[in-house]
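The chain contents come next:
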Amino acid sequence: MTAAVELTGITKRFGDVVAVDAVDLVIDDGQFFAMLGPSGCGKTTTLRMIAGLDFPTEGSLKIFGDEVGTLPPNKRPVNTVFQSYALFPHMNVLDNVAFGLRMQGVNKGDARAKAAQAIDLVRLAGMETRKPSQMSGGQQQRVALARALVNEPKVLLLDEPLGALDLKLRQEMQGELKRLQQELGVSFVFVTHDQEEALTMSDRIAVMDQGRILQVGSPEEIYEHPANRFVADFIGQTNLLEGTVEDSSTVCLANGARVQASSDRPVGTAVAVSLRPERAHIAATEAVEDRPSVEGVVDRVTYLGNARVYTVRLDWMEVEVREENRPGAALHEPGAPVSIWWDPGAVWVVGDE
Amino acid sequence: MTATGTRTGRRMLGVHAAAVYGFFYAPILLLVVFSFSGDRLVGQWGGFTLDWYREFLDNEQLTAFHDGAIWTSLKVAAVSTVVSVVLGTLAALSLERFRFRGQRVFDALLYLPIIIPDVTMGIMMLIFFSEAITFADTYLGFEFAKGLQTIIISHIAFNISFVSVVVRARLAGMDDRLEEAAMDLYATRWQTFTHVTFPQILPGILGGALLALTLSLDDVVVTQFSAGPGATTLPVFVFSLIRKGVTPMINAVSVVMLVASLVLIAMMLLADGLRAEADETA
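So, how was this worked out
- Residues numbered from 1 in each chain as written.
- Chains lettered and ligands numbered in written order.
- Predicted model: local features only at pLDDT ≥ 70, side-chain atom pairs only at ≥ 80, totals over all residues.
- Heavy atoms only, no water.
- Salt bridge = Lys/Arg side-chain N within 4 Å of Asp/Glu carboxyl O.
- Helix = DSSP H or I, 4+ residues; strand = E, 2+ residues; numbered from the N terminus.
- Buried < 20%, exposed > 50% of the residue type's maximum accessible area, 1.4 Å probe, protein only.
- 1 Å grid on protein atoms, 1.4 Å probe; cavity = no way out; pocket = protein on both sides within 12 Å on 5 of 7 lines; lining within 4 Å.
- Points joined across faces, edges and corners; volume = space filled by probe spheres on them.
- Nonpolar A, V, L, I, M, F, W, Y, C, P; charged D, E, K, R; others polar.

Residues and elements named next belong to chain A. Scanning the model with the defined rule gives 28 salt bridges over all chains in all. Measuring nitrogen to oxygen at the nearest pair gives 3.1 Å for the salt bridge that ties Asp21 to Arg212. Pair noted here: Asp21 is in strand β2 (residues 17-27) and Arg212 is in strand β10 (residues 212-217), with a separation of 191 residues, a long-range link. Classification of Asp21 as partly exposed rests on a relative accessible area of 25%. Given the relative accessible area of 48%, Arg212 is considered partly exposed. The salt bridge involving Asp95 is made with Arg112; its shortest N-O contact spans 2.9 Å. With Asp95 in helix α2 (residues 93-103) and Arg112 in helix α3 (residues 108-121), this pair connects stretches of sequence that are 17 residues apart. Here Arg112 falls in the partly exposed class, since its relative accessible area comes to 33%. What you see here is one network of salt bridges that share partners, running through Arg123, Arg142, Glu172, Glu176, Arg179 and Glu183.

Here it is in structure tokens:
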């Protein structure tokens, strides 16, 4: 099967700044694909290169097997939903949505009929004659979606499409986007800095930082088996317990404690043991039996409603432990000496690379 | 003073406002009133008459078709506005949308005509045209004299700057993403301009055009230096009348000019309204 989008050695430089650094990436057809990373990591530049709004300095960029590296945006079978929506203020909703078809030479009547269908698809029927300024952010978002989708792009690109929406609307639109993607079976490539959004919506995620792709994988792979320290830290919350590899199944932590953790890195490599707060358990010191554990003192307790997060001070660092708020759960006051323990399989060893 | 002001404070503010409006409009009011006065002396009320307007309309130098001052003014204003709107808009587009060698210099030089005094501009034009006439005569073998064309050229010269300032402000306020979105939606560069950029900056272009029109119709100084014996614009003609002694006909002429200006201002406000509306939707 031909990949929907294939980037090989793509580099983008703006003057001396390397925005995207020799990126290789394959996006399969029909996937909901997220590019995730902190701001300035190069994810938006990558998306803009796929759209044709920026041209790569080096490398090959293929869409369904066709090299499109320096083709202008109007010659590519992709459409974009912009972060700011970029709806044409002087046109009403119907004309905004019909714009792409009109530019492709579809006659006015047909273009309008198809536009009306697309407006229906994003559930805005009845709003055809409104101007963008007369609509809420969420509605403008839907118009932007319809305006892109009506052209039946082979790949739909979305640049932080939900960034400007409030939480409730964002969650609603997440479901909506997912529904549309499944209905249409088209690849959606979307850029986000919100890891939760990426996890909940995507089939696959590429985690980027400083112009490079650090890891590509399913949400599970990325969360459970992060490729390195950055990914472990960026996706979800985690405690990184510094240490060195002692043998294939043991890591010696910074305080000298040995914990069971398998890794195939050479003996003596500096690594970190990633311990997710929800996988750690907290108990009064004497209660822990024969399990990997570290000891410390409760520093503070954050009450979240459905859970409590204990911040525990160890000799050399602080560790967060999340305990679900179940009836009968033992409570620990600040200042209490506690042990943090986990199941041997609950941790994951990460390195710098 | 508190936020709402004391009673005396507010009264003083009222007086101040009245004084300001008095200074603004009393002379205009007097001008209008005495344009209907039957006395030959300006400032002497001699009963209501429309004689001065009649005299104005009968004055060949003013109203003669084609070469009367009014017609000259209108022709100069129309041609210089159209040309400067096109050139000024292109200049604004090139400065806002493209990066090219020498851009900063071009940028700085473009605004020079706004900064330099009218008299300097006029003298520059005078020297320029006399040199150009000599040059054309000596080397290119054709003759031309100062007249309508030279006035138009000088008006274009200063209007370009004003138009490009207004259009550029509008362009700068426009979201670049709109153009990207258009191109993403299969529009060519030209279609992007005609369907998206142009409608977005149209209020700016209209505003710039009206500004150019007004400046051209009002200009005395630059025109005086670039006009020849054959062609005179309305403001220059009025100015020359004053030297011969003021008659209330000047008032009548001035009132007509005033009304024309008011119409233009009203149109400008309308364009401004359009601009505000477009901004709302931007």
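According to the stated counting rule, one finds three cavities of 30 Å³ or more in the structure shown. If you add up the space inside the largest cavity, you get close to 50 Å³. If you trace the largest cavity, you find it lined by Thr44, Leu47, Arg48, Leu53, Thr80, Phe82 and Asp159 of chain A together with Arg177 of chain B. Looking at the lining of the largest cavity element by element, the count peaks at three residues for helix α1 (residues 43-51) of chain A. The residue makeup of the lining of the largest cavity, split by class, is three nonpolar, two polar and three charged.

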